[in-house]
Amino acid sequence: VVAMARKVTAEASELAPPIWGLRLFVGAVVIAGAAIFLWVGSIIPLNQVGRDAIGSVEGVEAAINTLLLAVLGLITLGRLEARVKGRRVALGLHELRAVIHVIDMHQLTKDPVTLSPDFQPTETSPDRSLTATEMSRYLDYCSELLAITGKLAALYAQAVPDEGVARAVNDIELLGSSLARKIWQKITLIDLAPHRRKGRMPE
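If you're wondering where the values come from, they're calculated on a predicted model, not measured in any experiment.

(A) Broad picture of the overall build of the protein. Counting secondary structure elements, the protein contains six helices and zero strands. Starting at the N terminus and ending at the C terminus, the protein contains elements arranged as α-α-α-α-α-α. Within the protein, the fraction of its 203 residues that count as buried is 24%. A separation threshold of at least 6 residues defines the contact pool for the protein, and within that pool the share at least 24 residues apart is 84%. Only carbon and sulfur atoms are counted for the fraction: they give 64% of the accessible area of the protein, which is about 13700 Å².

See below:
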C-alpha cells in the first residue's frame, strides 16, 4: 500500500496539468482542417450556385453533412485528452481494486469464532495463533488500509475531473466501505465475547 501510495501520488501529479503536446497536436489538426475547408471553398465557383435548383439542393445537403462531420470530429478531438488520462486512471484504479480484494482475502482465517474455547480445528485447518487482542488489532489495521486505499483512489478524481473517473472512484470507495463494515462486525464480536480476557486459545 505504501508503494502504491507513492505511485498514485506521482501519477496524479502528472495527470493534473494539461497534456500540452496533445493539445498542440489537436490544435494543428483543427487549423489544418479549417485551411482545407477554406481552400475548397475558394475554388468552388459560387457564381454557378442557384442556376441549377437540383444541384444547389445537393450542394447544400453535402455542405450540411460535411459541417456535421466536422463538428463531431472537433468533439472527438476535444475529448482526446480526457480519454488518454482516463485510460491511465483506469489502470491505476484496477490495481487499487486488486489490493482491496487482497486485503479482504487475508481475513478469511481471521474469524472470531476460532477464539472460542469450544472451537475444534480440523486436520486441515490453518494455524490460528492470534489472541483476541491481536486479531482485533489486525482487523483494525485492515480497515485502515481499506480507508487509505479509497483515499488514494480519490486522488485520481481530484487530478482528472471527469464524470467517468468520478464514478469509478466512487465504486472503489463503496467497495472499501462495504468490506470495512464486515471487518468492524468481526471486531464487535471480539469485543463482546468473553474470550477477549483470555490469552491465546488452547492448542
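Next comes the rest of the write-up.
(B) Looking closely at the packing of aromatic side chains. The full count for this structure, using the stated rule, is zero aromatic pairs. If you follow Lys110 out to its NZ or CZ, it ends over the ring of Tyr138, 4.7 Å from the centre.

(C) Representation of the side chain of Lys110 in the model. Relative to the helices and strands, Lys110 is located in the loop between α4 (80-105) and α5 (132-159). Given a relative accessible area of 14%, Lys110 falls into the buried group. Within the structure, Lys110 has its side chain in polar contact with the backbone oxygen of His106 (distance 3.3 Å). For Lys110, the contacting residues outside a window of four places in its chain are Leu130, Met135, Tyr138, Leu139 and Lys186.

(D) View of the pattern of salt bridges. The tally for this structure, following the rule as stated, stands at three salt bridges. Its salt-bridge partner being Lys7, residue Glu95 comes within 2.8 Å of it at the nearest N-O pair. Highlighted residues: Glu95 in helix α4 and Lys7 in helix α1 (residues 2-15), separated in sequence by 88 residues. Here Arg88 and Glu14 are joined by a salt bridge, their closest N and O atoms 3.0 Å apart. With Arg88 in helix α4 and Glu14 in helix α1, this pair connects stretches of sequence that are 74 residues apart.

What counts and what doesn't
- Residues numbered from 1 in each chain as written.
- Predicted model: local features only at pLDDT ≥ 70, side-chain atom pairs only at ≥ 80, totals over all residues.
- Heavy atoms only, no water.
- Helix = DSSP H or I, 4+ residues; strand = E, 2+ residues; numbered from the N terminus.
- Buried < 20%, exposed > 50% of the residue type's maximum accessible area, 1.4 Å probe, protein only.
- Contact = heavy atoms within 4.5 Å.
- Areas by Shrake-Rupley, 256 points an atom, 1.4 Å probe, with all protein chains shown as cover.
- Phe/Tyr/Trp six-rings, centres within 6.5 Å; stacked < 30°, edge-to-face > 60°.
- Lys NZ or Arg CZ within 6 Å of the ring centre and 35° of its normal.
- Polar contact = N/O pair within 3.5 Å; in protein donor to acceptor, adjacent residues only side chain to side chain.
- Salt bridge = Lys/Arg side-chain N within 4 Å of Asp/Glu carboxyl O.

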